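Residues per chain, in single letters:
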Amino acid sequence: MTVMGVSKFERFFRAAAGLDVDKNELKRYGDFVDAKLYDLLVVGQASAKANGRDTVEPWDLPITKGLQESVHRFRRLDEEVELKPILEQLAVHPPLDRTPTQETEERYPEIIGGLSVALAETFKIMYPDIKNPQTSHWEGVTAVFDRLL
């Protein structure tokens, strides 16, 4: 990620939850985003298969009410931070048995944005006094997402 991207990433987490993250957190963040997008796609793929389709449509993805609300909060934050172009670079996935449609792929940056808002807010819910998340905080928050998504 470029220096400009790192700066936007840092600004996003400050705006979303008052967290101070640095460029060293980018790997953890990237791993989190990759894993959760893949998890959503695996379930979406199963839905497409169950419905006899060869492609994964946006409605196949298990976007919960809470995640949808986080996507809406991301849209508002993104007007200020302009992180979406950077998230487009992160929106990649390994090959699947069912191919996501273009419409589905176009939604990835906002889904990742919603996951990012939910991630930042979960840090503050679980660790209200935290300013700079450490490894143990990342492990705790990731464990919650692993059980819910």
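As a reminder, the structure under discussion sits directly above these lines.
The rules behind these values
- Residues numbered from 1 in each chain as written.
- Predicted model: local features only at pLDDT ≥ 70, side-chain atom pairs only at ≥ 80, totals over all residues.
- Heavy atoms only, no water.
- Helix = DSSP H or I, 4+ residues; strand = E, 2+ residues; numbered from the N terminus.
- Rg over C-alpha atoms; globule rule 2.2 N^0.38 Å.
- Buried < 20%, exposed > 50% of the residue type's maximum accessible area, 1.4 Å probe, protein only.
- Contact = heavy atoms within 4.5 Å.
- Salt bridge = Lys/Arg side-chain N within 4 Å of Asp/Glu carboxyl O.
- Expected span 1.5 Å × (residues − 1).
- Arc of directions from axis to C-beta.

Student: What should I look at first to understand the overall build of the chain in this one?
Tutor: Helix and strand counts for the chain stand at 7 helices and 2 strands. Scanning the chain from its N terminus toward the C terminus, one meets helices and strands in the order α-α-β-α-α-β-α-α-α. Its C-alpha radius of gyration of 15 Å places the chain within 12% of the 15 Å reference for a compact globule of 149 residues. With the principal axes as the frame, the chain shows a C-alpha extent of 50 × 30 × 25 Å. The burial tally for the chain puts 44% of its 149 residues in the buried class. Long-range pairs, those at least 24 residues apart, make up 66% of the contacts in the chain between residues at least 6 apart in sequence.

Student: In this structure, what is going on with the pattern of salt bridges? I would like to understand it.
Tutor: Any two side chains of opposite charge can pair, given that their charged atoms come close. In the structure shown here, the tally under the stated rule is 11 salt bridges. Lys-8 is the salt-bridge partner of Glu-82, the closest N and O atoms lying 3.9 Å from each other. Placement of Glu-82 in the loop between α3 (65–81) and α4 (84–90) and of Lys-8 in helix α1 (residues 3–17) is noted, with a sequence separation of 74 residues between them. Between Lys-65 and Glu-69 there is a salt bridge whose closest N-O contact spans 2.8 Å. Here Lys-65 pairs with Glu-69, and both are found in helix α3, just 4 residues apart, close to one helical turn. The exposure class of Glu-69 is partly exposed, given its relative accessible area of 32%. One connected set of salt bridges, linked through shared partners, spans Lys-36, Asp-39 and Asp-146.

Student: Where do I start with the side chain of Thr-122 in this structure?
Tutor: In this fold, Thr-122 is placed in helix α6 (residues 108–126). Ignoring any residue separated from it by four or fewer positions in sequence, one finds Thr-122 in contact with Val-141 and Phe-145.

Student: Just to check I follow, could you spell out helix α7 (residues 135–148) for this structure?
Tutor: Taking 1.5 Å per residue as the helical rise, α7 with its 14 residues ought to reach 20 Å, and the 20 Å between its terminal C-alpha atoms agrees with that figure. Among all positions in α7, only His-137, Trp-138, Gly-140, Val-141 and Phe-145 are buried. For α7, the arc enclosing every buried residue in end-on projection is 165 degrees, short of the 170-degree limit, so these residues lie on one face. Those residues of α7 that are exposed and aimed more than 90 degrees away from the buried face are Glu-139 and Arg-147. The inward-facing, buried residues of α7 abut α2 (26–50) and α6.

Student: I'm lost on the environment of Tyr-38 in this one. Help?
Tutor: Within the element layout of this structure, Tyr-38 appears in helix α2. The partly exposed category is assigned to Tyr-38, whose relative accessible area is 35%. In this structure the C-alpha to C-alpha distance between Tyr-38 and Leu-96, which are 58 residues apart in sequence, comes to 9.5 Å. If we ignore the near neighbours within four places in the chain, the residues touching Tyr-38 are Pro-94 and Leu-96.

On their own, these measurements won't tell you what the molecule is for.
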